[in-house]
Amino acid sequence: NAGVTQTPKFRVLKTGQSMTLLCAQDMNHEYMYWYRQDPGMGLRLIHYSVGEGTTAKGEVPDGYNVSRLKKQNFLLGLESAAPSQTSVYFCASSEFGLGTGELRANVLTFGAGSRLTVL
Amino acid sequence: AQTVTQSQPEMSVQEAETVTLSCTYDTSESDYYLFWYKQPPSRQMILVIRQEAYKQQNATENRFSVNFQKAAKSFSLKISDSQLGDAAMYFCAYKRPYDKVIFGPGTSLSVIP
């Protein structure tokens, strides 16, 4: 039972390079999210998806793109990496919330994080 | 817009003692969920406890309990009998149904042997 898997776990990039972070979940969750974590700032939402084929912007979407072509996968892309994108990235997923009784459906399951350094 | 505030960037507690972490949030909604997540040095985010806003009874999970004050928009976490393994970052989070989760900035908890 893998839960949420992120690849790669570590990556070093040079300014201007591109890369894609992959998030895969095997729980049939509808919602998926990408967060970045920086010291003193908690987790900030980059983009999220409420279902296959849909994406939406979060708090800090600039410089990132996402795709959700398959329900189980949520990709985060950096087209031209910048030092300001040095961070730890977390993917998370949750079931579709059906209402006030479905608390369990709103719990996030996180991946282990991906540390990205942009030089 | 909803916001979540954790006014204590760092806290410390003696092993076996009790500590309370504060969290306040801003919302005009009546139906929502609140969570505490723990992030140990391993970096893996783990759910500690959760609360539905419509429930007046405070949630408890073993040594962890919350004090949910809906009118005051306060959701504090109490850790009893603190253990070395409780040392971690703790994040308070808010979520409306069908909407995204909003996290507070976190509180770093140290446990002193």
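Above this text is the structure in question.
A. Local environment of the nonpolar core. The biggest cluster of nonpolar side chains holds 26 residues, and the ones touching the most others in it are Y25, W36, F75, L77 and Y90 of chain B. For this core, the secondary-structure elements that each account for two or more residues are β3 (19–21), β5 (33–39), β6 (46–52), β8 (64–69), β9 (74–79), β10 (88–95) and β12 (107–112) of chain B. The next biggest cluster of nonpolar side chains, apart from the first, holds 20 residues, and it includes Y35 and F90 of chain A together with F35 and A93 of chain B.

B. The arrangement of the packing of aromatic side chains in detail. By the definition in use, this model includes 17 aromatic pairs over all chains. Ring centres of Y35 of chain A and F103 of chain B lie 5.2 Å apart, and the angle between their planes is 90°; this geometry places the pair in the edge-to-face category. With Y35 of chain A in strand β4 (residues 31–37) and F103 of chain B in strand β11 (residues 101–103), the pair connects residues from two separate chains. Here the two residues Y35 of chain A and F103 of chain B agree in accessibility, since each one is buried. Here Y37 of chain B and F103 of chain B contribute two aromatic rings whose centre-to-centre distance is 5.8 Å and whose plane-to-plane angle is 50°, an arrangement assigned as tilted. Taken as a pair, Y37 of chain B in strand β5 and F103 of chain B in strand β11 lie far apart in primary sequence, 66 residues in all. Given the relative accessible area of 8%, F103 of chain B is considered buried.

C. A look at the state of the cysteines. Residues and elements named next belong to chain B. Overall, the coordinates contain two disulfides over all chains when judged by the stated rule. Each sulfur of the disulfide joining C23 and C92 lies 2.0 Å from the other. Note on the C23 and C92 pair: the S-S dihedral is about -70°, so by sign convention the disulfide is left-handed. One end of the pair, C23, is in the loop between β3 and β4 (24–26); the other, C92, is in strand β10, and 69 residues separate them in sequence. In this structure C23 comes out as buried when scored by relative accessible area, which is 1%.

D. Up close: the pattern of salt bridges. Enumeration according to the criterion identifies eight salt bridges over all chains in this entry. A salt bridge links E30 of chain A to K71 of chain A; the shortest N-O distance between them is 3.0 Å. Placement of E30 of chain A in the loop between β3 (19–25) and β4 and of K71 of chain A in the loop between β7 (64–67) and β8 (73–78) is noted, with a sequence separation of 41 residues between them. Judged by relative accessible area, E30 of chain A falls into the partly exposed class, the value being 26%. A residue is classified by how much of its surface remains accessible, and K71 of chain A, at 18% relative accessible area, is buried. In this structure, K55 of chain B engages E52 of chain B in a salt bridge whose closest nitrogen and oxygen atoms are separated by 3.3 Å.

Reading the values: rules and limits
- Residues numbered from 1 in each chain as written.
- Chains lettered and ligands numbered in written order.
- Predicted model: local features only at pLDDT ≥ 70, side-chain atom pairs only at ≥ 80, totals over all residues.
- Heavy atoms only, no water.
- Core = buried A, V, L, I, M, F, W, Y, C linked by side-chain atoms within 4.5 Å.
- Buried < 20%, exposed > 50% of the residue type's maximum accessible area, 1.4 Å probe, protein only.
- Helix = DSSP H or I, 4+ residues; strand = E, 2+ residues; numbered from the N terminus.
- Phe/Tyr/Trp six-rings, centres within 6.5 Å; stacked < 30°, edge-to-face > 60°.
- Disulfide = S-S within 2.5 Å.
- Salt bridge = Lys/Arg side-chain N within 4 Å of Asp/Glu carboxyl O.

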